[in-house]
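These are the residues of each chain, in order.
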Amino acid sequence: MQRKQLFARVEKSNGVKVDATISTETIDRDGEVLVAQGMDSSEFDKNPVVFYNHDYAQPVGKVTDLRRGKGKVDATIEFAKRPDDFEGAYFPEFVESLVEQGVVKGISVGFIPQPGGVRKASQKDREDYGDSVRQVFSKWKLLEVSVAPLPANSTALISAIRKGAVDSAQVDRWVSADSRRRVFVNMPKVPRLRLSNM
């Protein structure tokens, strides 16, 4: 499976739903382009789960509507609701809050190329997409959509959806224990929260 970080734009929707552009026909950091009309979502549509950072143990919601447009793929994403009897920190709310605060802005798609749907960039592709395009995926199967905290494509960004707060205990719980990175988060009502997982 290949994963691509693509331009994402999210707008406010009712409740905990957001509209996102999950794919655009732009060159990613690998010099590749996914053609929107070449997407096969038939299998994804049967189980349209949204994950956190391609971690299949961390589902955070679902795609409720997937739309192909000219040069892009849009989706409506609904974050999972906390069950009435659930106690403690609820990971989908944590991710939703990070998105709302603008801490996490990325959307990423996981896909596999389809037979006959991969080509080395032609002169026409360079004219259409830019000189740095190396490869074009004209037929690809969408496997999953993820909220991605560190997208490879620096323009793969989403915007806030609703108010919420994340406390330091939640952040400590979900920041990977084996990570060697230091994360700085600036949240409302918290002047500066410094997290270190060393």
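Read on for a plain summary of the structure. Computed from a prediction, not measured in an experiment: that's the story for all the values here.

1. Regarding the overall build of the protein chain
Secondary structure assignment for the protein chain yields 3 helices and 14 strands. In the protein chain, buried positions account for 44% of the 198 residues. Within the protein chain, contacts between residues separated by at least 24 positions form 67% of all contacts whose residues are at least 6 apart in sequence. As presented, the protein chain carries roughly 10,700 Å² of accessible surface, and 48% of it is formed by carbon and sulfur atoms.

2. Considerations on unusual backbone geometry
Of note, Asn53 is a non-glycine position whose phi angle comes to about 55°, a positive value. Assignment of secondary structure puts Asn53 in the loop between strand 6 (49–52) and strand 7 (55–69). Positive phi values are uncommon outside glycine, yet His54 reaches one of about 60°.

3. What about the side chain of Ser108?
Among the structural elements, Ser108 can be located in strand 9 (residues 106–113). Looking at Ser108, the relative accessible area reads 0%, which means it is buried.

4. Describing the environment of Gly71
Inspection of the secondary structure assignment puts Gly71 in the loop between strand 7 and strand 8 (72–79). Through-space distance from the C-alpha of Gly71 to that of Ser23 is 8.3 Å; in sequence the pair is 48 residues apart. When neighbours within four sequence positions are excluded, Gly71 is seen to be in contact with Ser23, Thr24, Glu25 and Ala36.

5. Section: the nonpolar core
Residues Ile22, Ile77, Val95 and Val145 are the most contacted members of the largest nonpolar core, which totals 29 residues. If you list the elements that add at least two residues to this core, you get strand 3 (17–24), strand 6, strand 7, strand 8, helix 1 (91–100), strand 9 and strand 12 (140–148). Tallying contributions element by element places helix 1 first for this core, with 5 residues. Ranked by size, the runner-up nonpolar core spans 5 residues in total, among them Val33, Ala121, Val133 and Val136.

6. Re the packing of aromatic side chains
Applying the stated criterion across every chain yields a total of 6 aromatic pairs. Ring geometry for Phe111 against Phe137: centres 5.2 Å apart, planes inclined by 80°, an arrangement best described as edge-to-face. Taken together, the residues Phe111 in strand 9 and Phe137 in strand 11 (residues 135–137) connect sequence positions 26 residues apart. For the pair Phe111 and Phe137, a shared accessibility class is recorded, and that class is buried.

7. What about the sheet that holds strand 4 (residues 32–34)?
Strand order in the open sheet made by the 3 strands is 4-11-10, with mixed pairing throughout. Of all the strands in the sheet, just strand 4 and strand 10 (118–120) have a single pairing partner and so form its edges. Here the strands of the sheet are splayed against their neighbours by 15° on average, with no regard to which way each runs. In this sheet, strand 11 lies alongside strand 4 in parallel orientation, the contact comprising 3 bridges. Residue pairing across strands places Val33 opposite Val136, the latter belonging to strand 11.

What counts as what
- Residues numbered from 1 in each chain as written.
- Predicted model: local features only at pLDDT ≥ 70, side-chain atom pairs only at ≥ 80, totals over all residues.
- Heavy atoms only, no water.
- Helix = DSSP H or I, 4+ residues; strand = E, 2+ residues; numbered from the N terminus.
- Buried < 20%, exposed > 50% of the residue type's maximum accessible area, 1.4 Å probe, protein only.
- Contact = heavy atoms within 4.5 Å.
- Areas by Shrake-Rupley, 256 points an atom, 1.4 Å probe, with all protein chains shown as cover.
- Core = buried A, V, L, I, M, F, W, Y, C linked by side-chain atoms within 4.5 Å.
- Phe/Tyr/Trp six-rings, centres within 6.5 Å; stacked < 30°, edge-to-face > 60°.
- Pairing = 2+ DSSP bridges.
- Axes fitted to C-alpha atoms, helices over the stretch in contact; angles between N-to-C directions.

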